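# Inside the fold
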Amino acid sequence: MKKLILTAIAVMAPLCAQTIVIQNATVMTVAKGTFKGSVVVKDGKIAEVGEKVMVPQGATVIDATNQYLIPGIIDCHSHIAGDGGINEGSVSVSSMVNIKDIINPEDIAVYRALAGGVTTANILHGSANAIGGQTIVLKMRWGKDAQSMIFEGAAPGIKFALGENPKRAGNPQGGRGATTTAARYPATRMGVEDTIRDAFNEAKIYKAEWDDYKSKVAAGQHPIPPRKDLKLEALKEVLEGTRYVHAHCYRADEILMLLRVADDYGFKIRTLQHVLEGYKVAKEIAAHGAGASTFSDWWSYKVEAFDAIPYNAAIMAKKGVVVSLNSDDAELMRHLNSEAGKAMKYGGMTETEALAMVTLNPAKQLGIDNRVGSIEVGKDADLVIYDKFPLSDYAKVQKVLIDGHKYFDRDEEVSGRPAKAAEKQKLLEKEKQAAPRQGAPAGRGGRG
Amino acid sequence: MKKLVTALLVFCVYAMAEGPITVAIRNAKIVPVSGPVINKGTVVMHKGLITDVGENVQVPADAWVVEGEGLTVYPGLIDALSTVGMPGAAPAAAAGGRGGGRGQATPTPTAAIAALATAAAAAPRAMGPEDRPQTTSWAIAADEISPTDRRIETVRGSGITTTVTFPTRGIFGGQGSAIDLMSAEKTGEMVIASPLGQYISLAGGRGFGGGFPTSLMGVISYIRQIYLDAEHYKLVKDAYAKDPRGMERPEYDRALEGVIASPRILLPANRMVEMDRMLRFAAELKQPTIVYGGREMYREGAADLFKKANTPVLVSLKWPTLAPDSDPDNTPSMRSLEDIDRAPAGAAALKKAGVKFAFYSDGIDAPRDIQRAVKKAIDAGLSREDALRAMTLSPAEIYGLDNRVGSIEKGKIGNLVVTRGDIFDDRTRVEMVFVDGKQYKPADATPGGGRGIATDEPGGNR
C-alpha cells in the first residue's frame, strides 16, 4: 500500500511541477527589453512576465537572485545528433536523403549543447553537394526519443552548398579523400550553378507531371500516378515554398549567383549560411529577403573564407538583413553566448541586438519566432539561467528549461559526477574480470 | 540379447545402404517444446518424419532402435539468421554491419556467388537509387546453397539442424531460405522453405565502390525509394497486363522483382535508437518485419517498443565483450560497459514484454560457444524452457515454419538433437543429431569443443 501511494506521488509530481516561477532574475526578454523580475511558466508556456508577479499556489519557485534569464539559444547551423554521417557525398544532388531519418537523441553533444544554453538547433546536412539533404529543426530534449526531439511545426529545410566544398568533393586534384574518390561533376563554380539549375529544371518537369495528374484526378479520371521520386519531391517542395533553403556560401559573387538562380526559378533562399562576404552584398541579400547566419570572427580556414571581417554581422544587420550567429560545430555550440557578445565589440550592437543574433533572429530565420526566441507571454518556456551577464566568457549556464521542463541543472550535474564515476569504475572492474584473457579470443571454440 | 538385435539391425541397415527408414529412440527424456516434457518416452521417425511421440508408443518392428536411457531428446535447433551454406559468405551477419567472426572454412565461391560479389564491386559508380546500388534482392539462398560447405558439419555439432540462411552482401542482400543441415547430394533436398524474407543491411553504405549511398541516411532513403518504386512498378505492371495496347511497356526491374517476392524484411537494430528508428521505418514501408541484433534490448522500454509494434526480434548471440587488448587509458563508454554487462538480459526482457523472439548465432560456429552464449542469457534471467524455445519453436513461428519444424510432434520433420545432460549446460555432450530422420554423430568432441566435425555415413551408428 505504501508503495502504491509513493508511486502515485511520483506520478503526480511532474503534474504539480508544471507551474514554475523564476524569481528575482535579470530577465533579458530580447523582444521587450531587460528588467529585474520574474517569469511564470505554466504547462510548458510562458504565462506571465513582470517585475512583480503573483506566485501561483503549488508552483515550484526557482530563485535567480543575481542571475540572468534569457530565452533559449537557437543555433541555426549544427550537425550534432546525427548517426552515420552528415554528408551523402556520393552525388552532387542528394535531396533524397533526410537528417530526420538519422536523428540520434543520445548524442552526448545534445547534452553539452544544453549545458551551453542551446535549446533549439537547425540540424543540417553537410556541404559536400551543390544540393544536399533535407534538414530538420530539433529541440534539445535530452532523454527523449528521436521523434520527441523534433521541433513540431517547424518547416523542414534543405541544404545547398556553393563554392569550394561542392566542387572540391568532385575534383580529383584536391580535397579530402581525393585519391580514393572518383571525379564527380561539378569541379568549378560554374558547374555548381549548372548543377542547381539542372536539378530545378528536372523538378519543374516533375512538378508539372504531378500537377497534371492531380488535375486529371480532380476531373474524375483515373490515371496512373507518376513515379514518386524522393530527390525531386524535396525540390518540388522548395518550388512550392514549403521547404526552406539553407545555403552554405562564402563569396559575394556566388551569393548573387544563387539569389539570381532562385529568382529565375521562383523560389526563395531562406538563409545564407556562413556568408562571410555578405557585407559586400548586404543590400541584395536584404532585397531577396534571405536571412544570414554567420560566424562572429572565424575565418581564413580556406581560400574562399579569407576576405572576411568581424563587422560582417553588424553590417548586414544594419542593411536590413536578419542576422544570426551559428556554430557549425559541437564545441562552438556550447558558447554561442560569447559569440553573440563579440557583435557588441565589432559593430556596436546593443546587448539586446547581440543576444537576438543567437535567439530571436535564428527563430525568425527558421520560421519559429511565434514559438521561441524571446521571453514573451504565450511562447514556449525555453529558458536559460546564467550566473553572470550572459554575453560574456565568464558566464556559466545554471539551468535550462525546455517547454517548462528542466533539462539541465549545473548543480545536479556537478554533484552527480562522483557517483557516476564510481558506478563506471565498478562496471569496468567487473567486466575486466569477466573478459576473456589475452590470447583466447571469444567467439571461437576450437582450440588445438 | 538386445544389443545383438541392434547390431543385427545395424548390419541390415548397412546392407540397405540407404539408412534406416524407421528410427525409434526409446526410454529417453523427451522435450517436445510444444508440450510438456516426457520423462521417459519414445520418438519414432519414418521416412524423415516424426510419426509418433509419447510415453507408451509402440516401437515398430522394422525400426532401428536407439536406447535412450540417460539421454534427452530435443527438437533440432534452428539458427534464425545464418550464412551457413552460402559459399564464401562471412559467417557473421551482424546487425549494423561489421561481421565479427571468422569463417572456419571458406570454400571457393561458386561462380554465381562470385558473380554477385563482383557485380556489386565492379558496377559503375551508382549515381542514385535508380542505379540500384549494392542490391541483389533477387538472389535466393536456396539457389546458392553449397552442400559441401564445411560449416554445415561444424554447426550441426552444436545441435543445429536447420538454418535460415541469407545472402548478406550489400544493402539488399537477397532472400533467405530455411535449409536442413544434412549431407545432401543435391541442394534441393536441403531446402525446407523459400523464400522467407529479404535481408537488409544498413552498413553497406560506407566505402563500397564510392558511389551512392555513402551515408546511413543515404541507405535509408535508398530503401525508401525502392519500396516506393516497387509499389509503382506493381501498379504499372498490372495496368499493362490488363491492357497493353497503346501503353508504354514497363521496364523489367529485377531489383524490384526480388523485393516484391519477399514475404517479409529483416532490418538491423542494436542500439535503442536504432530499434526505434527501424520500427518506425518498418511501419512506413508497410512490410512485415523482423528486427535482428537487439544488443540494447535490456534497456528500459526497449522490449515494449517491439510489443507495441508487434514485431518479432532475432537476438544476436554474439554478446558484446571487453576488447582484451584495449588501451588502459582509453576506457570504454558507460554505455558500452552496460552493454557488456547486460546485453544477455535482453532476451528475458523480451519474454517479459511478451514479444516473439529467437536467437541467432551471428557467426558463432563452434558448438561450445553457441551453448555458452545461450547459457549467458539463462544466467541473465531467461528460463531454460524459453531459451530452448528461442532456438526451436519460436524461430519456426517467426518464419511461419512451425507446421513442419521447431518441436517434436507427430507429422513434423524428423529433426532432433540428442544430448547427455541439459542442452545448454557447459558440460553437455551432443550425442547425436537427426536431420530428416537421418542420424549424424558429432566427431568425438574433444574437451573444449571440437572442430572439423566428421559426419557419419547416413544411418551409420559406429
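Position numbers for residues start from 1 in each chain and track the written sequence from start to end. Working convention: letters from A go to chains and numbers from 1 go to ligands, in the order in which they are written. Reporting in this predicted model follows two pLDDT cut-offs: at least 70 for local features of residues, and 80 or more for side-chain atom pairs to be given and counted; totals over whole chains, interfaces and linings ignore these cut-offs and use all residues.

### Some details on the overall build of chain A
In terms of helices and strands, chain A carries 13 helices and 16 strands. Taken over C-alpha atoms, the radius of gyration comes to 25 Å for chain A, in line with the 22 Å a tight globule of 448 residues would show. Seen along its three principal axes, the alpha-carbon backbone of chain A occupies a region of about 80 × 65 × 60 Å. For the purpose of contact definition, each residue receives a C-beta atom placed from its backbone, and two residues are in contact when these atoms lie within 7 Å. For chain A, contacts bridging at least 24 residues in sequence account for 69% of all contacts bridging at least 6. Under the DSSP-based scheme used, a helix requires at least four consecutive residues in state H or I and a strand at least two consecutive residues in state E, with every element numbered from the N terminus. Values of the radius of gyration come from C-alpha atoms, whereas the globule rule sets the reference at 2.2 Å times the count of residues to the power 0.38.

### Looking at the overall build of chain B
Regarding its fold elements, chain B presents 14 helices and 18 strands. Exposure classes come from backbone-placed C-beta atoms, where a residue is buried if 20 or more other C-beta atoms lie within 10 Å of its own, exposed if 12 or fewer do, and partly exposed in between. Each of the 462 residues in chain B was classed as buried or not, and the buried ones make up 55%.

### Notes on unusual backbone geometry
For the bond running from Tyr-185 of chain A to Pro-186 of chain A, omega is 5 degrees, close enough to zero to count as cis. In the segment running from Ser-194 of chain B into Pro-195 of chain B, the intervening peptide bond is cis, with an omega of -5 degrees. Within the secondary structure, Pro-195 of chain B is located in the loop between β10 (191-193) and β11 (198-200).

### Points about the domain arrangement of chain A
Residue and element names in this part refer to chain A. Either an automatic procedure or a domain database provided the assignment from which the domain bounds are taken. Splitting chain A by domain gives domain 1 (16-72 + 373-408) and domain 2 (73-372). Taking only C-alpha atoms, the centre of domain 1 and the centre of domain 2 are 30 Å apart. Between domain 1 and domain 2, the contact holds 22 residues from the first and 28 residues from the second. Only β5 (68-71), β15 (397-402) and β16 (405-409) provide two or more residues apiece to the side of domain 1 that touches domain 2. If one sorts the elements of the side of domain 1 that touches domain 2 by residue count, β15 sits on top with 3 residues. Residues are grouped as follows: Ala, Val, Leu, Ile, Met, Phe, Trp, Tyr, Cys and Pro are nonpolar; Asp, Glu, Lys and Arg are charged; every other residue, Gly included, is polar. Partitioned by chemical class, the residues of the side of domain 1 that touches domain 2 number 14 nonpolar, 4 polar and 4 charged.

### A closer look at the environment of Lys-167 of chain A
Residue and element names in this part refer to chain A. Within the secondary structure, Lys-167 sits in helix α4 (residues 164-168). A tally of 24 C-beta atoms within 10 Å means that Lys-167 is categorised as buried. Residues Lys-167 and Gly-348, spaced 181 residues apart in sequence, show a C-alpha to C-alpha distance of 37 Å. Leave out the neighbours within four places in its chain, and Lys-167 touches Pro-186, Ala-187, Thr-188, Arg-189, Gly-191 and Val-192.

### So, the confidence of the model for chain A
Residue and element names in this part refer to chain A. Looking at chain A, pLDDT values average 92 and 90% of them are 70 or higher. For every residue, the predictor states its confidence as a pLDDT score lying anywhere from 0 to 100. Note that pLDDT drops below 50 for residues 173-180; the model gives that stretch 5 contacts with residues more than four away or on any other chain. Note on residues 438-448: pLDDT is under 50 here. Beyond four places in sequence and across chains, it has 21 contacts.

### Structural notes on the packing of helix α9 (residues 302-309) of chain B against helix α11 (residues 346-353) of chain B
Residue and element names in this part refer to chain B. Where helices are involved, their axes are fitted lines through C-alpha atoms of the stretch in contact, as for all axes, and angles between N-to-C directions lie from 0 to 180°. One can describe the packing of α9 onto α11 by two numbers: an axis separation of 9 Å at closest approach and a directional angle of 40 degrees. For the element pair α9 / α11, the angle class is oblique. Seen from above, α9 lies across α11 with right-handed handedness. Counted together, Ala-302, Ala-303, Asp-304, Phe-306 and Lys-307 of α9 and Ala-349, Leu-350, Lys-352 and Ala-353 of α11 form the full contact between these two elements. Angle categories are assigned with fixed cut-offs, so that under 35 degrees is roughly parallel, over 145 is roughly antiparallel, 65 to 115 is roughly perpendicular, and the rest are oblique. Crossings are assigned a handedness: left-handed for a near helix turned anticlockwise from the far helix by less than a right angle, right-handed for a clockwise turn.

### Looking at the confidence of the model for chain B
A residue-level look at chain B finds 82% of positions with pLDDT of 70 or above and a mean pLDDT of 86. Confidence drops under pLDDT 50 across residues 7-17 of chain B; counting only partners more than four residues distant or on other chains, this segment forms 7 contacts.

### Observations concerning the sheet that holds strand β9 (residues 157-161) of chain A
All names here are of chain A. In spatial order, the strands read β6-β7-β8-β9-β10-β11-β12-β13; together these 8 strands make up an open sheet with mixed pairing. The open sheet has two edge strands with one neighbour each: β6 (73-78) and β13 (323-325). Adjacent strand axes in the sheet meet at a mean angle of 25 degrees when their direction is disregarded. Criterion used throughout: strands pair if DSSP finds at least two bridges between them. Both β6 and strand β7 (residues 118-123) contribute to a ladder of 4 bridges, which runs parallel. Each bridged residue has a counterpart across the sheet, and for Asp-75 the counterpart in β7 is Ala-121.

### Some remarks on the packing of helix α5 (residues 189-218) of chain A against helix α6 (residues 230-239) of chain A
Each packed pair of helices is defined by two parameters, the angle between the axes and the distance between the axes. Residues and elements named next belong to chain A. Two numbers describe how α5 lies on α6: the axes approach to 9 Å, and their chain directions differ by 85 degrees. Relative to α6, α5 is oriented roughly perpendicular. Contacts between α5 and α6 involve Ala-199, Phe-200, Glu-202, Ala-203, Lys-204, Tyr-206 and Lys-207 on the former and, on the latter, Leu-232, Leu-235, Lys-236 and Leu-239. Classifying every residue of the contact of α5 with α6 by side-chain character gives 7 nonpolar, no polar and 4 charged.

### Points about helix α12 (residues 367-379) of chain B
Residue and element names in this part refer to chain B. Under the convention used throughout, the expected extent of a helix is 1.5 Å for every residue step, that is, one less than its residue count. The end-to-end C-alpha distance of α12, which contains 13 residues, comes to 19 Å, matching closely the 18 Å that a straight helix rising 1.5 Å per residue would cover. Across the 13 residues of α12, 10 count as buried, placing the element largely inside the fold. Turning to α12, its buried residues are Pro-367, Arg-368, Asp-369, Ile-370, Gln-371, Arg-372, Ala-373, Val-374, Lys-375 and Ala-377. Looking at the buried positions of α12, the neighbouring elements they touch are α11, β15 (357-360), α13 (384-389) and β17 (429-435). At the C-terminal side of α12, Gly-381 shows a positive phi close to 120 degrees.

### A closer look at the pairing of strand β11 (residues 271-274) of chain A
Residue and element names in this part refer to chain A. Sheet analysis places strand β10 (residues 244-249) next to β11, joined by 4 bridges and oriented parallel. Across the sheet, the residue bridging to His-248 is Gln-273, located in β11. Between the parallel pair β10 and β11, the chain is carried across by helix α7 (residues 252-265), and the sense of this crossover is right-handed. Once you follow β11 into helix α8 (residues 282-288) and on to strand β12 (residues 291-294), the crossover reads as right-handed. Here is how to tell: hold the view so the strands point away, follow the path from the first strand over the helix to the second, and if it runs clockwise the crossover is right-handed.

### Examining the environment of Thr-214 of chain B
Structurally, Thr-214 of chain B can be placed in the loop between β11 and α6 (216-242). For the pair Thr-214 of chain B and Ala-203 of chain B, spaced 11 residues apart in sequence, the C-alpha separation works out to 9.5 Å.

### Description of the pairing of strand β6 (residues 77-82) of chain B
All names here are of chain B. Counting buried residues in β6 gives 6 out of 6 residues, a clear majority hidden from the surface. Examined bridge by bridge, β6 and strand β7 (residues 160-165) share 4 bridges and lie parallel to one another. For Asp-79, the partnering residue across the bridge sits in β7 and is Thr-163.

### Observations concerning the sheet that holds strand β13 (residues 289-293) of chain B
Residue and element names in this part refer to chain B. Pairing is mixed across the open sheet formed by 6 strands, whose spatial order is β8-β11-β12-β13-β14-β15. The open sheet has two free edges, formed respectively by β8 (172-175) and β15, since each of these has just one partner strand. Direction aside, neighbouring strands of the sheet carry axes that sit 25 degrees apart on average. Where strand β14 (residues 313-316) meets β15, 4 bridges bridge the pair, whose relative direction is parallel. In the strand pairing of β15, Val-313 is matched with Phe-357.

### Some details on the nonpolar core
Inside soluble globular proteins, nonpolar side chains tend to come together where they are buried. The nonpolar core is taken to be a set of buried Ala, Val, Leu, Ile, Met, Phe, Trp, Tyr and Cys residues joined by way of C-beta atoms within 7 Å. Counting residues in hydrophobic clusters, the biggest one holds 251 residues, and the most contacted among them are Ile-22, Val-39, Leu-69, Leu-138 and Met-140 of chain A together with Val-43 and Val-73 of chain B. Both of domain 1 (16-72 + 373-408) and domain 2 (73-372) of chain A provide at least three residues apiece to this core. Here Val-39 of chain A is in contact with Ile-22, Val-27, Ile-46, Val-49, Leu-69, Ile-375 and Leu-383 of chain A, once residues within four sequence places are set aside.

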